[in-house]
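Observations on the three-dimensional arrangement
Below, each chain spelled out in residue letters.
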Amino acid sequence: MRTTIIGSLLSLLTTTFVAATPNPIAGSDTVEVRDPAIWYNPSLAKYFVFSTNGQIPIWTSSVLTGPWTNIGSALSSCSIIDSSGSCNIWAPDINFIDGLYTLYYAVSALGSQNSAIGVATSPSMMPGTWTDLGEVISSVTGDVFNAIDPNIIDDSVGLQLTFGSYWDGIYQVGLWPGVNDQASPTPGTHLAGYSGRPAEAGFVYKPASQPYYYGFFSDGITPLIGATSRPPAGEEYKVLVGRGAVGQGPFYDELGNDITLNLTPATGTLVLGSHDNVYAPGGQSIFADPVSGRDVIVYHYVKLSDPIGGPSYLGINYLDFSSGWPVVVS
């Protein structure tokens, strides 16, 4: 009986003291963004955040806690890609490749598969320094994929471009010898999602502390400005993940399920969901911060206290991979 009581008390204590998801670190809750991407320029000692909208707006700060200052846009005009969405650019992804800051982006329209992913390069990330190299890959109505939401990883195989939203999921193709040279045919390797699943914003990341590659993605319905209602509870945007031995997948969740499979419950381990005043977080990117030496996740979220249809804001947290799975921490 005593053993049973002690065991029950330990179980209760374990349940009671499970750490809650922390709120975003201070300093960015007034910065309106969607699909943020982050990098650090050591020469300027500044962080740069890029976002969906217009010609890719840029915010900078000397520290992650801000203040963040809008300094203009990456592109000085519309993308050189000949598309109806070329003046309202989506989902930037930033990296440093062969001595240049390299920014992938998407041009499209809501619900359309007539989409393309482009790339621009800069020596500093400052406005006015970017060279738009134009299209890398594209999609048309009827394809199994949609060429939006780019993410680049440079691994032992070479540059790998991850992309996709809804349709049949998230895919990956190789790029070489250059950052805009498609080296393998689309749709490429299937990484996550399946027909009809609201999976997008794929992001492949390998922390220095782990032998695994992690395939992050956003799942669910993301609130947009002007919306008049919210999705049913649990169906809103959230960040999920799987992990694998290589950057080309397959990626498996904590239950051992390939995140391309159509199962119930849906595949993918939860990294970040709605909590406190943070509603529908997603559109994430992950970054190895050279200043703190920590892994950083940036994302957008809606404030639950705001009226429905309001803007989304920049969220920043650290990630702890010590358990083998990413955990959001302060």
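Keep in mind that what you see is a predicted model, and the values were worked out from it rather than measured. Each chain carries its own residue numbering, running from 1 in the written order of its sequence. Selection of residues for local features in this predicted model requires a pLDDT of at least 70, selection of side-chain atom pairs for listing and counting requires 80 or more, and totals for whole chains, interfaces and linings are taken over all residues. Heavy atoms from the whole structure form the basis of all side-chain values; hydrogens and water molecules are not counted.

Turning our eyes to something else, we now look at the confidence of the model for the protein chain. Summarising the model, the protein chain shows a mean pLDDT of 94, and 94% of its residues fall at 70 or more. Looking at any residue, its pLDDT shows the predictor's confidence there, from 0 to 100. Numbering of helices and strands runs from the N terminus; a helix is a DSSP stretch of H or I covering at least four residues, while a strand is a stretch of E covering at least two. For the protein chain, per-element mean pLDDT is lowest for helix 1 (residues 2-16), which scores 37, and highest for strand 2 (residues 46-50), which scores 99. This model gives residues 1-18 a pLDDT under 50, and the stretch forms zero contacts once residues within four places in sequence are excluded. Two residues form a contact once any of their heavy atoms are found within 4.5 Å.

Position of T162 among the secondary structure elements: in strand 10 (residues 158-163). We classify T162 as buried; its relative accessible area is 1%. A polar contact of 3.1 Å, which involves the side chain of T162, links it to the side chain of Q172. The residues touching T162, leaving out its near neighbours within four places in the chain, are D149, P150, N151, I170, Y171, Q172, L191, G202 and V204. Under the scheme applied here, a residue whose accessible area is under 20% of the maximum for its type counts as buried, over 50% as exposed, and between as partly exposed, the area being computed with a 1.4 Å probe on protein chains only. In the analysis that follows, any N or O atom pair within 3.5 Å is treated as a polar contact, provided that within protein one partner can donate a hydrogen and the other can accept it, and provided that, for residues neighboring in sequence, both atoms belong to side chains.

Ring geometry is summarised as follows: Phe, Tyr and Trp rings, the Trp one being its six-membered ring, pair when their centres sit within 6.5 Å, and such pairs are stacked at plane angles under 30 degrees, edge-to-face over 60 and tilted between the two. This model, assessed by the stated rule, comprises twelve aromatic pairs. With a centroid separation of 5.5 Å and an interplanar angle of 70 degrees, the aromatic rings of F145 and F163 are classed as edge-to-face. Of the two residues, F145 is situated in the loop between strand 8 (131-139) and strand 9 (151-155) and F163 in strand 10; the sequence distance between them amounts to 18 residues. Here the aromatic rings of Y205 and F321 are separated by 6.2 Å at their centres, their planes lie at 35 degrees, and the arrangement is tilted. Placement of Y205 in strand 13 (residues 199-205) and of F321 in the loop between strand 19 (312-320) and strand 20 (327-329) is noted, with a sequence separation of 116 residues between them.

A few words on the sheet that holds strand 8. Strand order in the open sheet made by the four strands is 5-6-7-8, with antiparallel pairing throughout. Taken across any chain shown, the strands that pair with only one partner, and hence form the sheet edges, are strand 5 (90-97) and strand 8. Along the sheet, successive strands turn relative to each other by an average axial angle of 20 degrees, direction set aside. The sheet contact formed by strand 5 and strand 6 (residues 100-107) spans six bridges and is antiparallel. Paired with D93 across the strands is Y104, a residue of strand 6. Two strands qualify as a pair provided DSSP detects at least 2 bridges between them. In this analysis, axes come from line fits to C-alpha atoms, helices being fitted only over the stretch in contact, and the angle between any two N-to-C directions falls in the range 0 to 180 degrees.

Bringing the environment of A201 into the picture now. In this fold, A201 is placed in strand 13. Note: C-alpha distance between A201 and Y166 (35 residues apart in sequence) is 9.8 Å. In this structure A201 touches D149, G164, F216, F217, S218, G283 and Q284, once residues within four positions along its chain are discounted.

For the rest of this paragraph, the subject is the pattern of salt bridges. When a carboxyl oxygen of Asp or Glu is within 4 Å of a side-chain nitrogen of Lys or Arg, the pair counts as a salt bridge. For the coordinates displayed, the defined rule picks out one salt bridge. The residue D219 makes a salt bridge to R197 at a minimum N-O spacing of 2.7 Å. On the criterion of sequence distance, the pair formed by D219 in strand 14 (residues 213-219) and R197 in the loop between strand 12 (189-192) and strand 13 is long-range, its members being 22 residues apart. Neither residue differs from the other here; D219 and R197 are each classed as buried.

Two cysteine sulfurs form a disulfide in these notes if their separation is within 2.5 Å. Considering all chains together, one arrives at one disulfide under this definition. Between the sulfur atoms of C78 and its disulfide mate C87 the distance is 1.8 Å. Across the S-S bond of C78 and C87 the torsion is about 100 degrees, and the bridge reads as right-handed. Residue C78 is classed as partly exposed on the basis of its relative accessible area of 27%. According to the relative accessible area criterion, C87 is partly exposed, its value standing at 40%.

All right, on to the sheet that holds strand 18 (residues 295-303) then. Strand order across the open sheet formed by four strands is 17-18-19-20, with antiparallel pairing between neighbours. A strand with exactly one partner marks an edge of an open sheet, and here the two such strands are strand 17 (278-288) and strand 20. Adjacent strand axes in the sheet meet at a mean angle of 40 degrees, parallel and antiparallel pairs treated alike. When strand 17 meets strand 18, the two strands line up antiparallel, connected through seven bridges. Of the residues in strand 18, the one forming a bridge with A288 is D295.

With respect to the helices and strands, the residue S108 is situated in the loop between strand 6 and strand 7 (115-122). There is a polar contact of 3.4 Å between the side chain of S108 and the backbone oxygen of S112. There is a polar contact of 2.6 Å between the side chain of S108 and the side chain of S115. In this view, S108 contacts G85, W90, N114, S115 and I148; residues no more than four positions away in its chain are not counted.

This next bit is on the nonpolar core. Nine residue types can take part in a nonpolar core, namely buried Ala, Val, Leu, Ile, Met, Phe, Trp, Tyr and Cys, and a core is a set of them joined through side-chain atoms within 4.5 Å. Ranked by size, the top nonpolar core spans 35 residues in total, and within it I38, F50, W68, I94, M125, W130 and L314 carry the most contacts. Those elements that provide at least two residues to this core are strand 1 (37-41), strand 2, strand 3 (57-61), strand 6, strand 7, strand 18 and strand 19. The residues touching W68, leaving out its near neighbours within four places in the chain, are G27, S28, V31, I38, Y47, V49, W59, T60, S61, V63, L314 and I316.

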